[in-house]
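Residues per chain are reported as follows:
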2 protein chains.
Amino acid sequence: MSLLITGSVALDSVKTPIEEHHDLLGGSASYASMAASLFSPVNMVAIVGSDFPKKYLDLYREHGINLEGLQVAEGQTFRWSGEYEWDLNKRRTLSVCLNVFETFQPGLPEAYKNTPYVFLANISPQLQMHVLTQIAQPKFVVADTMDLWIGTQRDALVELLRRIDCLVLNEGEAREFTKQTNLIKAGRLILKQGPEYVIIKKGEHGCLLFGEDLFFSAPAYPLEDIHDPTGAGDCFAGAFAGYLAQKDRVDEHSLRNAVVYGSVVASYCVEDFSLKRLESLTQSEIRERYSLFQVMSRFEVG
Amino acid sequence: MSLLITGSVALDSVKTPIEEHHDLLGGSASYASMAASLFSPVNMVAIVGSDFPKKYLDLYREHGINLEGLQVAEGQTFRWSGEYEWDLNKRRTLSVCLNVFETFQPGLPEAYKNTPYVFLANISPQLQMHVLTQIAQPKFVVADTMDLWIGTQRDALVELLRRIDCLVLNEGEAREFTKQTNLIKAGRLILKQGPEYVIIKKGEHGCLLFGEDLFFSAPAYPLEDIHDPTGAGDCFAGAFAGYLAQKDRVDEHSLRNAVVYGSVVASYCVEDFSLKRLESLTQSEIRERYSLFQVMSRFEVG
């Protein structure tokens, strides 16, 4: 089944204590779509400026991403720049220029309106809702968010929660949104606001999947050399939604596996800057690391 | 097989934002021994003052803890008091009075000297070494430590690492000891210092077990109501060592299970103050939560 993904497409500048790169392909929709395309066909909804490099459009196409819903507008593409400390969990945003993104109010192509699976990657909840309401009868809707929207568009986010099936957010965001330091309480509080499932991402500590009668704790892959953590969360959620679209089945079993496949793809993403590692990622590499997730979390009495 | 445990026995005062209790049974050897006694016979090596309540000695005995190596000295028992914030991960030590502990240099009872399994619970590395050197031919030695010793007795700790089989420490201590923010690198660096296995405890995020060709990531039990986190780490390590002593087998399979049983017992410990929850903990409750650990970490493709 196909998966509609909306979010940002950006040109990123990323600095770590070791390296610095400019005009990288970035944005939540880029990371999520590339990750999801490893599992299912993707219908992308996003906007870029007339400066957007053709090589990136070619890259999307090579990965089977449908660009009918990618608007190319006069002006500059959304730009983001950020800097990581030695502790790569610590990031500082240096600049954000919305550019063409500022007035983005997409109308969906007709061919997109019946997409059964939907991932609303990180953009404002109003924009997420604007896209969602154009989809006829979505089977399963996943949404991501960020601290900025929790702080500035809380009402729109709460409204969105009533319309989606699964919210993905990180540890700090879950605590901020619920004012709860205990993550288990935080996850269960979010469930009460609407979505049937909640995933709390914990970076190096893995992630937690909550449902009414479901709790799954997934480990993180033991990475020693992280080159660029940017987009890991988007890749996680994109692969998670892509796997569900591929299986066309949402049950406890597929959800747990979707979380692990999301973790696998995210663990590859951070091994290089931007989407470089994902460009060449193979199905056999995905299977290999999935097996390692099995080995590292197995303990059953034999 | 029996397990020798040395460490502190203390009378604790613990304050949380909700409750406050005084003269609780505490100390690393108390928590570890009670936890281990759920799996194997325990030979305790510790010291208390003449003020130590008889009811606590009775409690140890009821749990099959051998007290031949528990010295009762003139004076006051070691006392500790601490306070937790709303975020129970944040603890402040209010006072520490070593009292009789200050001059503790135990000579082991003859009957203890052939104990095959050893857990050196959290006390100074010099004291841990002093006990260890009196044991004839230990089969497997586990040691715990804390930030204080990393800061003040680093050389003694490094010396100890060459003599033990498994070090247990928490996330912050692993980072401090190795000066590495990446926990995977930190774990592997500690392995190079001597022990065959290292366990990094991550509280609400579970724990990691490292060996030369072994990596196991265990989840934490999803606790919503933590009453008193004191001693959780000691219970974890005590139950871990106790399970290995019970099985009398140290291999990848028993180590993984020992980590899960350690996590199970620690998750019960924090449900009440001091050792109250462990006093009444049953084998069937342990089995029940072990099964929940299986359920919450399982994802294999069916």
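Cut-off values and rules
Residues numbered from 1 in each chain as written. Chains lettered and ligands numbered in written order. Predicted model: local features only at pLDDT ≥ 70, side-chain atom pairs only at ≥ 80, totals over all residues. Heavy atoms only, no water. Helix = DSSP H or I, 4+ residues; strand = E, 2+ residues; numbered from the N terminus. Rg over C-alpha atoms; globule rule 2.2 N^0.38 Å. Buried < 20%, exposed > 50% of the residue type's maximum accessible area, 1.4 Å probe, protein only. Contact = heavy atoms within 4.5 Å. Areas by Shrake-Rupley, 256 points an atom, 1.4 Å probe, with all protein chains shown as cover. Arc of directions from axis to C-beta. Pairing = 2+ DSSP bridges. Axes fitted to C-alpha atoms, helices over the stretch in contact; angles between N-to-C directions. Core = buried A, V, L, I, M, F, W, Y, C linked by side-chain atoms within 4.5 Å. Buried area = accessible area lost by both parts, 1.4 Å probe. Salt bridge = Lys/Arg side-chain N within 4 Å of Asp/Glu carboxyl O. Polar contact = N/O pair within 3.5 Å; in protein donor to acceptor, adjacent residues only side chain to side chain. Nonpolar A, V, L, I, M, F, W, Y, C, P; charged D, E, K, R; others polar. Left-handed = near helix turned anticlockwise from the far one by under 90°. Least-squares fit on C-alpha atoms with pLDDT ≥ 70 in both. Phe/Tyr/Trp six-rings, centres within 6.5 Å; stacked < 30°, edge-to-face > 60°. Lys NZ or Arg CZ within 6 Å of the ring centre and 35° of its normal. pLDDT = per-residue confidence, 0-100. Disulfide = S-S within 2.5 Å.

### A word on the overall build of chain A
In terms of regular secondary structure, chain A is built from 11 helices and 13 strands. Whereas a compact globule of 302 residues would reach a radius of gyration of roughly 19 Å, chain A reaches 18 Å, a difference of no more than 12%. Taken over the C-alpha atoms alone, chain A extends approximately 60 × 45 × 35 Å along its principal axes. Every one of the 302 residues in chain A was classed for burial, and the buried ones make up 61%. Contacts in chain A between residues far apart in sequence, at least 24 positions, make up 64% of those at least 6 positions apart. A total of about 11900 Å² of accessible surface is found on chain A, and carbon and sulfur atoms cover 47% of it.

### Some details on helix 2 (residues 54-62) of chain A
Residues and elements named next belong to chain A. Among all positions in helix 2, only Tyr56, Leu57, Leu59 and Tyr60 are buried. Angular distribution of buried residues about the axis of helix 2 spans 155°; they occupy a single face of the element. Exposed residues lying more than 90 degrees from the buried face of helix 2 are Lys54, Lys55 and Glu62. Residues of helix 2 that are buried sit in contact with strand 2 (10-15), strand 3 (20-26), helix 1 (28-36), strand 4 (42-49), strand 5 (65-73) and helix 10 (276-279). Phi for Gly64, located one or two positions after helix 2, is positive at around 70°.

### Digging into the sheet that holds strand 7 (residues 91-97) of chain B
Residue and element names in this part refer to chain B. Taken together, 4 strands build an open sheet; the order of strands is 3-2-6-7 and the sheet is mixed. Only two strands of the sheet have a single partner each, and these edge strands are strand 3 (20-26) and strand 7. Ignoring strand direction, the axes of neighbouring strands in this sheet form an average angle of 20°. Pairing between strand 2 (residues 10-15) and strand 6 (residues 78-84): 6 bridges, direction parallel. When the bridges of strand 6 are listed, Ser13 appears paired with Ser81. Here helix 2 (residues 54-62) sits on the sheet in contact with strand 2 and strand 3, set at roughly 50° to strand 3.

### Considering the nonpolar core
Counting 111 residues, the largest nonpolar core has Val9(A), Tyr60(A) and Leu278(A) as its most contacted members. Once residues within four sequence positions are removed from consideration, Tyr60(A) is found in contact with Val9(A), Leu25(A), Ser30(A), Met44(A), Phe52(A), Ile65(A), Leu67(A) and Leu70(A). Counting residues in each nonpolar core, the second largest holds 110 residues, with Phe104(A), Met129(A), Val168(B) and Tyr268(B) among its members.

### Describing the pairing of strand 12 (residues 207-211) of chain B
Residues and elements named next belong to chain B. Of all the 5 residues making up strand 12, 5 are buried; the element is thus mostly covered by neighbouring parts of the structure. Taking every second residue as pointing to the same face, both faces of strand 12 are buried, with Cys207, Leu209 and Gly211 on one and Leu208 and Phe210 on the other. Bridge count for strand 11 (residues 197-201) against strand 12 is 4 bridges, and the pairing is antiparallel. Bridge pairing in strand 12 links Lys201 to Cys207. Between strand 11 and strand 12, which pair antiparallel and follow one another directly, the connecting turn spans 5 residues, one of which, Gly203, has a positive phi of 60°. In textbook terms, the turn of a hairpin is the stretch between consecutive antiparallel strands, and for strand 12 and strand 13 (residues 214-218) this stretch comprises 2 residues.

### What to know about the interface of chain B and chain A
Where interface size is given, it is often the accessible area lost as the parts come together that is meant. Contact with chain B, which involves 36 residues of that partner, is made by 36 residues of chain A. With both sides pooled, the region where chain B packs onto chain A buries about 3300 Å², and carbon together with sulfur makes up 49% of that total. Inspection of the region where chain B meets chain A yields 8 salt bridges. Asp225(B) is paired through a salt bridge with Lys185(A); the nearest N and O atoms lie 3.5 Å apart. Counting every contact that joins chain B to chain A gives 28 residue pairs in polar contact (both at pLDDT 80 or more). No other element matches the 6 residues that helix 11 (residues 283-297) of chain B contributes to the side of chain B that touches chain A. By residue class, the composition of the side of chain B that touches chain A is 15 nonpolar, 9 polar and 12 charged.

### As for helix 3 (residues 125-132) of chain B
All names here are of chain B. Within helix 3, 6 of the 8 residues are buried, which leaves the element mostly enclosed by the surrounding structure. Taken as a whole, helix 3 has its buried residues at Pro125, Leu127, Gln128, Met129, Val131 and Leu132. For helix 3, the elements touching its buried residues are strand 1 (3-6), strand 4 (42-49), strand 8 (117-120), strand 9 (140-144), helix 4 (147-152) and helix 5 (154-161).

### What about the packing of helix 3 of chain B against helix 5 of chain B?
Residue and element names in this part refer to chain B. It is the contact of helix 3 with helix 5, at a shortest axis distance of 8 Å, that shows an interaxial angle of 35°. Two packed elements cross with a definite hand, and for helix 3 against helix 5 that hand is left-handed. Residues Pro125, Gln126, Gln128, Met129 and Leu132 of helix 3 touch helix 5, and the partners they reach there are Ala156, Leu157, Glu159 and Leu160. Split by residue class, the contact of helix 3 with helix 5 holds 6 nonpolar, 2 polar and 1 charged.

### Section: the relation of the copies chain B and chain A
Mapping chain B onto chain A calls for a rotation angle of 180° and an axial translation of 0.0 Å; the resulting RMSD is 0.0 Å. Taken together, the rotation and translation relating the two chain copies correspond to the operation of a two-fold axis. No C-alpha of chain B approaches the rotation axis more nearly than that of His205(B), which lies at 3.0 Å. Comparing contact sets, 100% of the residues at the interface of chain B also lie at the interface in chain A, consistent with an isologous, same-surface contact.

### What to know about the packing of aromatic side chains
All chains considered together, the criterion is met by 28 aromatic pairs over all chains. Among the aromatic residues, ring-to-ring pairing joins Phe39(A), Phe216(A), Tyr243(A), Tyr261(A), Tyr290(A) and Phe299(B) into one connected group. Here the basic side chain of Arg289(A) rests over the ring of Tyr268(A), its NZ or CZ set 3.8 Å away from the ring centre.

### Quick notes on the environment of Leu108(B)
Residues and elements named next belong to chain B. Mapping Leu108 onto the fold places it in the loop between strand 7 and strand 8. On the basis of relative accessibility, which here comes to 7%, the residue Leu108 falls in the buried class. Aside from chain neighbours lying at most four places away, what touches Leu108 is Leu4, Val45, Lys113, Val131, Gln134 and Ile135.

### Notes on the confidence of the model for chain A
Of all residues in chain A, 99% have pLDDT values of 70 or greater, and the mean over the chain is 96. Confidence metrics for the complex model read pTM 0.94 and ipTM 0.91.

### Digging into the sheet that holds strand 1 of chain B
Residue and element names in this part refer to chain B. With respect to topology, 9 strands assemble into an open sheet ordered 5-4-1-8-9-10-11-12-13, the strand pairing being mixed. Unpaired on one side and paired on the other, strand 5 (65-73) and strand 13 mark the two borders of the sheet. Taking each pair of neighbouring strands and ignoring which way they run, the sheet shows an average axis angle of 15°. Contacts from helix 2 reach strand 4 and strand 5 within the one sheet, and its direction differs from that of strand 5 by about 155°.

### Let's talk about the state of the cysteines
Under the criterion given, the structure shown has 0 disulfides over all chains. Here Cys207(A) is not disulfide-linked; the sulfur of Cys166(A) is the nearest cysteine sulfur, at 10 Å. Residue classification places Cys207(A) among the buried positions, given a relative accessible area of 3%. Not part of a disulfide, Cys269(B) finds its nearest cysteine sulfur in Cys235(B), a span of 3.6 Å. On the accessibility criterion, Cys269(B) (1% relative accessible area) is buried.

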